Amino acid sequence: MAMISDAILSVTIFLPLIGIVVILFLDREHLQAVKMTGLLTGVITFLVSLILFFEFDQTLSGFQFKEQGVWIEGLNIGYLVGIDGLSLLLIVLTTFLTPIALLGTWNSITHRLKEYTIMMLLLEVGMVGVFAALDLFLFYVFWEAMLIPMYFIIGIWGGQERVYAAVKFFLFTLFGSLLMLVAILSLGVFASTLPDGRFTTNLLELIPHASKTPAQLQLWMFLAFALSFAIKVPLFPLHTWLPDAHVEAPTAGSVILAGVLLKMGTYGFIRFCLPLFPEASLKMTPFLSVLAVIGILYGALVAMVQTDIKKLVAYSSVSHLGFVVLGIFSMTEEGMQGAIIQMINHGLSTGALFLIVGMVYDRAHTREISEFGGVAKVMPVFAAFFMIMTLSSIGLPGLNGFVGEFLILLGTFKSTILNSYAYAAAAAGGVIFAAVYMLWMYQRVMLGPVREGGMYHGHKLTDLSVREIAVLVPIVVFVVWIGVYPATFLEKSGAVAKEMVKKIEEVKRGSQVRTASLSDHQ
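None of these values were measured; they are calculated from a predicted model.

Cut-offs applied
- Residues numbered from 1 in each chain as written.
- Predicted model: local features only at pLDDT ≥ 70, side-chain atom pairs only at ≥ 80, totals over all residues.
- Heavy atoms only, no water.
- Pairing = 2+ DSSP bridges.
- Helix = DSSP H or I, 4+ residues; strand = E, 2+ residues; numbered from the N terminus.
- Contact = heavy atoms within 4.5 Å.
- Polar contact = N/O pair within 3.5 Å; in protein donor to acceptor, adjacent residues only side chain to side chain.
- Salt bridge = Lys/Arg side-chain N within 4 Å of Asp/Glu carboxyl O.
- Buried < 20%, exposed > 50% of the residue type's maximum accessible area, 1.4 Å probe, protein only.

Attention now goes to the pairing of strand S1 (residues 64-72). When S1 meets strand S2 (residues 77-83), the two strands line up antiparallel, connected through six bridges. Paired with Gln 64 across the two strands is Ile 83, which belongs to S2.

So this is what it looks like as structure tokens:
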């Protein structure tokens, strides 16, 4: 038992593999057994991850639950995992959304169900691995491994244009990650050129070398990492793969894509770009903040003109993730905390919205806004859940979205590095536009007169089943919890934000001193 508690993080990462092995031995005709095994594996993994949540000591900075093992000895590449408040929240979000996504699409997938469930569990291994890895090479392996199941989920169980969307998603992400691999190797080689240095990809060994990295080398390596993460976020103008992937993916694929995969980009900025390349991060802050603001406004304006509900929610992600990037590069404690909690908020709200769109699509077999109207009278319980999630996405006070957006805007206003109110003022416009596109969509779909004969696209709609209510209730609980008492989650990530901002401030002071001494010499 002691051995399991010592390796609780590895258990959380690899537990879904046990479920996969069990499913491999099940007869593909026994659909119920395959579904139950997948769901049970997801639920047990979530319960194990809660041990991490409750045992985590938020008063400590640094990484906890660390586990280390030799992997490729000659290159000092090891199996090194550990978590801080940031990765803890994202791991729990991942293990929470996976069983919900499986339960939410209980009757939607009938074709190759066995393979589908295996891909979903394999995806969970990759995602949790990404958030736990503290060795850059191990991180890269998990990062790439996660692409493969997602590629198949979109490509096999997606919509009509699924193959195009899957290939586009794969190529975009692969291109960025190959540049990141080059930068990882460059970092290792640079570490070996230092006095008493050696080639290593251990993040904890590389961070202390950050101040010794030449500014030019830092900039190039930052750009390689940042490009990979910006594609994943996705940051404008690298977002074009996202609407295709979201619209074509099956409901569970969209939930995981929006809920977890997009957060890997913003997680990468905080975990790798800021501590490894602090000077380059400072230099690139205004540029990335401008892109974030453009993304906020562009995503909102494009969402406003969509005729397909799923595409509207997909473009809203571009806007919401722009807020997260702006919060990170405000380089303030409030902005950083806002960005971290907004990652969780977006995962819950947008994940739920994709589930809701999937539920209505399963009934009407269309997502065109023009095909609906008066649905609230036919599906009152559905209308209530849809309204809560719509208001959550807008950022209504008392619900989760408000907390993240408020902290991000506050941090951006206070930022001495951005040193302009224009960023926050423009970003606040995104909040107003969000209310426009979400409420207008809700009005056209849910309100107004019921369609003739209560038929929608030739189908009669029925209200939510007990299973569908059971899928949405846990999300609503967290949406209200974070909105009313965010401290439960903010306290976990407080040390990360504080530490990161402190390091950036030190680098800023150091570069100011160097600039001042250079001008004195001249």
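Read on, since the account is not over.
Turning our attention to the environment of Ser 289. Mapped onto the secondary structure, Ser 289 falls in helix H14 (residues 278-304). Put simply, Ser 289 and Ile 328 are 39 residues apart on the chain and 9.0 Å apart in space, counted from C-alpha to C-alpha. If sequence neighbours within four positions are ignored, Ser 289 has contacts with Leu 326, Phe 329, Leu 418 and Tyr 423.

A few words now on the side chain of Thr 200. Mapped onto the fold, Thr 200 is located in the loop between helix H8 (162-193) and helix H9 (203-206). Of note is the side chain of Thr 200, whose polar atom sits 3.1 Å from the backbone nitrogen of Asn 202. If sequence neighbours within four positions are ignored, Thr 200 has contacts with Leu 75, Asn 76, Gly 188, Ala 191, Glu 205 and Leu 206.

Okay, the pattern of salt bridges next. Enumeration over the complete set of coordinates arrives at seven salt bridges. Linking Lys 168 and Asp 244 is a salt bridge whose minimum nitrogen-to-oxygen distance equals 2.8 Å. In this pair, Lys 168 is assigned in helix H8 and Asp 244 in helix H11 (residues 241-248), connecting sequence segments 76 residues apart. Residue class for Lys 168 comes out buried when judged on its relative accessible area of 18%. Across the pair Asp 308 and Arg 367 runs a salt bridge whose closest N-O atoms are separated by 3.4 Å. Of this pair, Asp 308 sits in the loop between H14 and helix H15 (309-329) while Arg 367 sits in the loop between helix H16 (333-364) and helix H17 (375-378), and the two are 59 residues apart along the sequence. Classification of Asp 308 as buried rests on a relative accessible area of 12%. Connected through shared salt-bridge partners, Arg 363, Arg 467 and Glu 468 make up one network.

For the bond from Val 233 to Pro 234, the omega torsion is -10 degrees, close enough to zero to count as cis. Looking at the secondary structure, you find Pro 234 in the loop between helix H10 (215-232) and H11. The omega angle of the peptide bond from Phe 236 to Pro 237 is 5 degrees, so this bond is cis rather than trans. Residue placement: Pro 237 occurs in the loop between H10 and H11. With phi around 55 degrees, Phe 65 is a residue other than glycine that occupies positive phi space. For Phe 65, a relative accessible area of 21% translates into the label partly exposed. In this structure, His 365 is a non-glycine residue whose phi angle is positive, near 60 degrees. Secondary-structure assignment places His 365 in the loop between H16 and H17.

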